[in-house]
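Overview (structure and organization)
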Amino acid sequence: MKELLLITFVGALVIGSTGCSSIDARSGGTQSGLYPGVKQSKENYDTRGSGGVAAILALPYAILDLPSSFALDTVLLPLDLLKGLDFLKGKDDKPAPQP
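The text that follows walks through the structure, step by step, so that each part is easy to find. (Residues numbered from 1 in each chain as written. Predicted model: local features only at pLDDT ≥ 70, side-chain atom pairs only at ≥ 80, totals over all residues. Heavy atoms only, no water.)

**Re the overall build of the protein**
Counted only if it meets this: Helix numbering and strand numbering both begin at the N terminus, where a helix is a DSSP run of H or I of at least 4 residues and a strand a DSSP run of E of at least 2. For the exposure calls, accessible area comes from a 1.4 Å probe over protein chains only, and a residue counts as buried if that area is under 20% of its type's maximum, exposed if over 50%, partly exposed in between. Contacts are residue-level and defined by heavy atoms, with any inter-residue pair within 4.5 Å sufficient. Only the protein chains shown count as cover for residues, and all accessible areas are computed by the Shrake-Rupley method using a 1.4 Å probe.
Broken down by element type, the protein carries 5 helices and 0 strands. Burial analysis of the protein (99 residues in total) assigns 18% to the buried set. Across the protein, contacts joining residues at least 24 apart in sequence account for 57% of those joining residues at least 6 apart. Accessible surface, the protein: about 7500 Å² in total, of which carbon and sulfur atoms supply 71%.

**Here's the deal with unusual backbone geometry**
In the Ramachandran plot, Y35 falls in the positive-phi region, its phi being about 55° despite a non-glycine side chain. Its location among the elements puts Y35 in the loop between α2 (20-26) and α3 (36-48). Of the residues examined, Y35 reaches a relative accessible area of 23% and is grouped as partly exposed.

**Considerations on the environment of P36**
Assignment of secondary structure puts P36 in helix α3. Residue classification places P36 among the buried residues on the basis of a relative accessible area of 4%. Each C-alpha atom of the pair P36 and D24 lies 9.2 Å from the other, and the pair is 12 residues apart in sequence.

**Considerations on the environment of A25**
Mapped onto the secondary structure, A25 falls in helix α2. In the structure, A25 is positioned 15 residues away from Q40 in sequence and 6.6 Å away in space, judged by C-alpha atoms.

**So, the environment of P67**
Here P67 lies in helix α4 (residues 53-75). Sequence separation of P67 and S41 is 26 residues, and the distance between their C-alpha atoms is 9.8 Å.

Right, here's the structure in full:
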């Protein structure tokens, strides 16, 4: 019974902690365009990849986050395309300046 509980906990932890780059990129991150989570995940790992213990600890997270960010970005691709079309038409989310 304890093994099942441990496996369930670890599985929930892994699933819950992946795809964070996609969410972060859409909620105020620096990336935009198509597949922003994948871009941000790669950028985050590149900045941590300077060596040392931090790079070793970040590697498993990057391995788990990149495919899940790709999957979540693929699911949200229609929304990204619509946002891009609104931007091209001039319907940006920024309000017009007041005179």
